[in-house]
Structures are given as C-alpha cells and as structure tokens.
Amino acid sequence: EPEVTQTPSHQVTQMGQEVILRCVPISNHLYFYWYRQILGQKVEFLVSFYNNEISEKSEIFDDQFSVERPDGSNFTLKIRSTKLEDSAMYFCASSEGLAGANEQFFGPGTRLTVL
Amino acid sequence: AQKVTQAQTEISVVEKEDVTLDCVYETRDTTYYLFWYKQPPSGELVFLIRRNSFDEQNEISGRYSWNFQKSTSSFNFTITASQVVDSAVYFCALSEAHPSSSGGFKTIFGAGTRLFVKA
C-alpha cells in the first residue's frame, strides 16, 4: 500500500540553525500539506501546496518557514532560523484531490528538537 | 470560522466497557467533511473515518461506530467493548469543501481526547 514517508524521523538542532524536513508524498497525489504538533497538544495546520505554489497557510507559517517541491517526488519544509518553540512533531500529508473530498494520508512525522 | 471542540481531555475505562468520544464542530460552510484520527503512543496519525456533510447515516466498522448529527453539529465516536490496544489520543477534525479567501483548503483538528483502557 502506498504511503507518505518522512525523513529524518528525529532531528536535533541548535537554536538559530536552519533545518529542512523532507517528505515523499504518495506518487499520484496532487495536494501536499504540513502540520505541526507540539508535544501533548493538538495537530495544527501550517500550509497547503498545490500546483507548485502555496494555496493556504496559517498564521504560524511566518517568514521563517518555506516549502518547496524541488523535484517530482520530494516536498520539503524549511525553517530558516529555528527557535525553541519550533520543537514539535511535524507531519507531512498528501491527498489525491482536495483535502476534504479526499482522505489526507499522513506520514509518520519528524520530531524536531531545538536546543 | 472553523472550530472543533473535544471537551473530554482524558477518559479512563476498564477493558470491555463501551466508551463514547464527543466532538462538536462549527463551520459556516454547508459542505464540509469530518474525520476521526487515532494517535497511538508511537505518534503516527491513523485515519479512522471520513464523513461528508450530506451523509448523516451512522456508520459501524467492527467495534467502532460514529454518530453524525447535523442538528447538534456533533460527530461522536463510540468504541464498543474497548480493548487495551484502543489506548491512544483520538482527534476529531473538520475540513471545509470550499476554498478560503486565499484559495486553499485546510483541516482543523480538535484538541484530542486521551483514552486509557485498563486491563
């Protein structure tokens, strides 16, 4: 069964450093998403991406964040200068069509720890 | 604006008990989608069900059942004869069917209900 994969599973970084979280969505999916879950809290929407551009972003997704689909398979989330409060689990998701009409398939997550 | 409320923060039951997890949502859209996800201790999000706003038929899948009532904006989830493996955090989520003013779609999650099933 096709699945969304994410690497690395755990990333530890120093405050102020740049990190890139990588995701490989399901191959025939057209919509891609990043969500964040601070430990013990709810899953929060960050950004949706379609047709090589951001289609929606939340207030959390400020100028420190960027997304890219550098090739036909990867979807990345970059945090330019990490802060302590960026420590969280980051989930990538993809869907064949629109998020509501089609199930979003979530990856296993990348746990980011900012020291 | 969209909002999902899961008023129960934690529930603890003994194995074989039935348990209902509550979910109340708010949306201005007439077309929307509701979801339940399970997050076991390992951390991944496991899709359980999707329901669209035009389908109020209740659904049963094994020990799981869902009760969708538009009149009360609720989408409750019942586990019958709970098992220890059901211990997890359960999230209710809402996705609107129409693009926002920015042209995008997103899914809004509730705060989650942590279920403990004791042997």
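Everything quoted here is computed from the prediction, not taken from an experiment.

A closer look at the pattern of salt bridges
All names here are of chain B.
1) Next: All told, the structure shown has four salt bridges over all chains when counted by the stated rule.
2) Next: As a salt-bridge pair, Asp 86 and Arg 63 come within 2.8 Å of each other at their nearest N and O atoms. Here Asp 86 is found in the loop between β9 (74–79) and β10 (88–96), whereas its partner Arg 63 is found in the loop between β7 (59–61) and β8 (64–69), with 23 residues between them in sequence.
3) Next: Take Asp 86: its relative accessible area is 1%, and that puts it in the buried class.
4) Next: Judged by relative accessible area, Arg 63 falls into the partly exposed class, the value being 25%.

With respect to unusual backbone geometry
1) Next: That bond from Thr 7 of chain A to Pro 8 of chain A is cis: its omega, -10 degrees, falls within 30 degrees of zero.
2) Next: Structurally, Pro 8 of chain A is set in the loop between β1 (5–7) and β2 (10–13).

Focus on the environment of Ile 11 of chain B
Residue and element names in this part refer to chain B.
1) Next: In this fold, Ile 11 is placed in strand β2 (residues 10–14).
2) Next: A C-alpha to C-alpha distance of 21 Å links Ile 11 and Ile 60, two positions 49 residues apart in sequence.
3) Next: Apart from residues no more than four positions distant in its own chain, Ile 11 is found in contact with Val 19, Thr 20, Leu 21, Thr 113, Arg 114, Leu 115 and Phe 116.

Things to note about the environment of Gln 11 of chain A
1) Next: With respect to the helices and strands, the residue Gln 11 of chain A is situated in strand β2.
2) Next: Linking Gln 11 of chain A and Leu 112 of chain A, residues 101 residues apart in sequence, is a C-alpha distance of 4.9 Å.

Some details on the pairing of strand β6 (residues 46–52) of chain B
Residue and element names in this part refer to chain B.
1) Next: Relative to β6, strand β5 (residues 32–39) runs antiparallel, the two sharing six bridges. Note that in β6 the partner of Tyr 37 across the bridge is Phe 47.
2) Next: In this structure, the hairpin formed by β5 and β6 is closed by a connection of six residues, where Gly 43 is found at a positive phi of approximately 100 degrees.

Overview of the sheet that holds strand β3 (residues 19–24) of chain A
Residues and elements named next belong to chain A.
1) Next: Spatially, β1-β3-β8-β7 is the arrangement adopted by the four strands of the open sheet, whose pairing is antiparallel. Each end of this open sheet is capped by a strand with a single partner; those strands are β1 and β7 (65–68). Each strand of the sheet is rotated relative to its neighbour by a mean of 20 degrees, with strand direction disregarded.
2) Next: By the bridge criterion, five bridges tie β3 to strand β8 (residues 75–79) in an arrangement that is antiparallel. From the neighbouring strand, Arg 22 faces β8, where its bridge partner is Thr 76.

Let's talk about the packing of aromatic side chains
1) Next: All chains considered together, the criterion is met by 24 aromatic pairs over all chains.
2) Next: When the centroid spacing of 6.4 Å and the interplanar angle of 40 degrees are considered together, the rings of Tyr 33 of chain A and Tyr 35 of chain A count as tilted.
3) Next: A residue is classified by how much of its surface remains accessible, and Tyr 33 of chain A, at 1% relative accessible area, is buried.
4) Next: Taken together, a centroid distance of 6.1 Å and an interplanar angle of 80 degrees make the contact between Phe 106 of chain A and Phe 109 of chain B edge-to-face.

Re the state of the cysteines
1) Next: Going through the model one piece at a time under the given rule, you end up with two disulfides over all chains.
2) Next: Between the sulfur atoms of Cys 23 of chain A and its disulfide mate Cys 92 of chain A the distance is 1.9 Å. Residues Cys 23 of chain A and Cys 92 of chain A are joined through a disulfide that is left-handed, its torsion about the S-S bond being -65 degrees. Taken as a pair, Cys 23 of chain A in strand β3 and Cys 92 of chain A in strand β9 (residues 88–95) lie far apart in primary sequence, 69 residues in all.
3) Next: Assessed through its relative accessible area of 0%, Cys 92 of chain A is described here as buried.
4) Next: The disulfide partner of Cys 23 of chain B is Cys 92 of chain B, and the gap between their sulfur atoms is 1.9 Å. Taking the sign of the S-S torsion, about -65 degrees here, the bridge from Cys 23 of chain B to Cys 92 of chain B comes out left-handed. You can see Cys 23 of chain B sitting in the loop between β3 (19–21) and β4 (24–26) and its partner Cys 92 of chain B sitting in strand β10, a full 69 residues away along the chain. The exposure classification of Cys 23 of chain B matches that of Cys 92 of chain B, with both residues buried.

Criteria and thresholds
- Residues numbered from 1 in each chain as written.
- Chains lettered and ligands numbered in written order.
- Predicted model: local features only at pLDDT ≥ 70, side-chain atom pairs only at ≥ 80, totals over all residues.
- Heavy atoms only, no water.
- Salt bridge = Lys/Arg side-chain N within 4 Å of Asp/Glu carboxyl O.
- Helix = DSSP H or I, 4+ residues; strand = E, 2+ residues; numbered from the N terminus.
- Buried < 20%, exposed > 50% of the residue type's maximum accessible area, 1.4 Å probe, protein only.
- Contact = heavy atoms within 4.5 Å.
- Pairing = 2+ DSSP bridges.
- Axes fitted to C-alpha atoms, helices over the stretch in contact; angles between N-to-C directions.
- Phe/Tyr/Trp six-rings, centres within 6.5 Å; stacked < 30°, edge-to-face > 60°.
- Disulfide = S-S within 2.5 Å.

Read these as spatial facts, not as claims about activity.
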